[in-house]
Amino acid sequence: MSQEQLVLLDGSTFFTTDRRGDTDGADDGLYFADTRHLSTWRLSVDGAKVHLLSADTPQYYSARIHATLASVRVGFNPTLSVRRDRIVAAGIHEDLVVDNFSDDEQELILDLALGADFADVFEVKDQQIAPRQVSTAIDENSITLRYTNGAFTRATTVRFTQPGTLHNGTVWPHDTAIIAEGLRRYGHHDQAATLAVNLIEAAAAFGYRLPEVFAGFVREGDRPVEYPTPSRPQAWSAGSTLLVLRTLFGLDVDGGTLRATGHRVAAIGPIRLDNIAVRGQRHTAQV
């Protein structure tokens, strides 16, 4: 494996590119279950490749790439930056962020070239890739590349969405837990339970080590989309699980007496909470 490659992986999914984040080598691409689902993934700005500033992988499944325009000159601070935040998890999620540090408005043309040859990993290794007829379907927000040979079908769908930033389009577990408990206290039990259960499911997907924040996009497979470089685990998020349990069980202390007014949630079945401490006594609650 070349030192110039950027390699991210998650189970049987892995993505290899150069350090700019582009497929450049003959074996680069996005692979899943021994099939290359993306053989071309290249970004250009104003018709040229970006100039790499730095690339790091805070986790084995995530990368952050900092770059600027190819026209940058030595001795001059660039006024534009291009950042690519990438996560491989049940597919790939990539945020493209362009920042303008000057006082002047600037216009840029960003192009993303993509393609799939659906080659077997051994074909790629031997560089003997058989030609395949790949169809392309384009709609307003996505592109689907598909290869079919009899009953054998492989497809790659690339969806384009509005960006998710730290305070716009992300899910904060501790905020979500507070909102769920507020809904319960105002009598909106079904809505409160939905939020609580979704947060528990997210915790399971993160190995019960909830991050500070995760992306608020539609789930990919059985897990939420991760946000690049959050704190994980994180104290606020860890505390949110206790409040979520209180919400689900409907726990309140009234005059020294524990009340549990929760309702069973079909999505997770019956659950029981033991050793609830109230004024020196231990209690059990079940919904």
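Criteria and cut-off values
Residues numbered from 1 in each chain as written. Predicted model: local features only at pLDDT ≥ 70, side-chain atom pairs only at ≥ 80, totals over all residues. Heavy atoms only, no water. Pairing = 2+ DSSP bridges. Helix = DSSP H or I, 4+ residues; strand = E, 2+ residues; numbered from the N terminus. Axes fitted to C-alpha atoms, helices over the stretch in contact; angles between N-to-C directions. Salt bridge = Lys/Arg side-chain N within 4 Å of Asp/Glu carboxyl O. Buried < 20%, exposed > 50% of the residue type's maximum accessible area, 1.4 Å probe, protein only. Parallel < 35°, antiparallel > 145°, perpendicular 65-115°, else oblique. Left-handed = near helix turned anticlockwise from the far one by under 90°. Contact = heavy atoms within 4.5 Å. Nonpolar A, V, L, I, M, F, W, Y, C, P; charged D, E, K, R; others polar. Polar contact = N/O pair within 3.5 Å; in protein donor to acceptor, adjacent residues only side chain to side chain.

A. Seen up close, the sheet that holds strand 6 (residues 51-59). The strand order 6-7-8-9 describes an open sheet built from four strands, whose pairing is antiparallel. Edge positions in the open sheet fall to strand 6 and strand 9 (92-100), since each of these has one partner strand only. The average undirected angle you get between the axes of adjacent strands in this sheet is 15 degrees. Direction of pairing for strand 7 (residues 62-68) relative to strand 8 (residues 80-88): antiparallel, over a ladder of six bridges. The partner of Ile65 across the bridge, within strand 8, is Arg84.

B. The pattern of salt bridges, seen in detail. Evaluation of the coordinates by the stated rule reveals 17 salt bridges. In this structure, Arg83 and Asp85 form a salt bridge, with 3.0 Å as the shortest nitrogen-oxygen distance. Of the two residues, Arg83 and Asp85, neither departs from the other in class, the shared state being buried. Note that Arg184 is salt-bridged to Glu181, the shortest N-O span being 2.7 Å.

C. The arrangement of the packing of helix 3 (residues 189-205) against helix 4 (residues 235-249) in detail. Where helix 3 contacts helix 4, the two axes come as close as 9 Å, and the packing angle between them is 140 degrees. Taken together, the axes of helix 3 and helix 4 lie oblique to each other. Handedness of the helix 3/helix 4 crossing: left-handed. Within the contact between the two elements, helix 3 uses Ala192, Ala193, Ala196, Val197, Leu199 and Ile200 and helix 4 uses Ser240, Val244, Thr247 and Leu248. Looking at side-chain class alone, the contact of helix 3 with helix 4 contains eight nonpolar, two polar and no charged residues.

D. Just unusual backbone geometry, in detail. Look at the link from Arg232 to Pro233: it is a cis peptide, with omega at -5 degrees. Residue position: Pro233 is located in the loop between strand 15 (214-215) and helix 4. Despite not being glycine, Asp46 shows a phi value in the positive range, around 55 degrees. With respect to the helices and strands, the residue Asp46 is situated in the loop between strand 5 (40-45) and strand 6.

E. Looking closely at the pairing of strand 11 (residues 134-138). Direction of pairing for strand 11 relative to strand 12 (residues 142-149): antiparallel, over a ladder of five bridges. Bridging across to strand 12, Ala137 finds its partner in Thr144. The turn linking strand 11 back onto strand 12 is made up of three residues.

F. Geometry of the environment of Arg272. Counting through the fold element by element, Arg272 comes out in strand 18 (residues 272-278). We classify Arg272 as exposed; its relative accessible area is 55%. The sequence separation of Arg272 and Leu30 amounts to 242 residues, and the corresponding C-alpha distance is 43 Å. In contact with Arg272, other than residues within four places in its own chain, are Phe249, Thr284, Ala285 and Gln286. Here Asp274 takes part through its side chain, which lies 3.2 Å from a polar atom of the side chain of Arg272.

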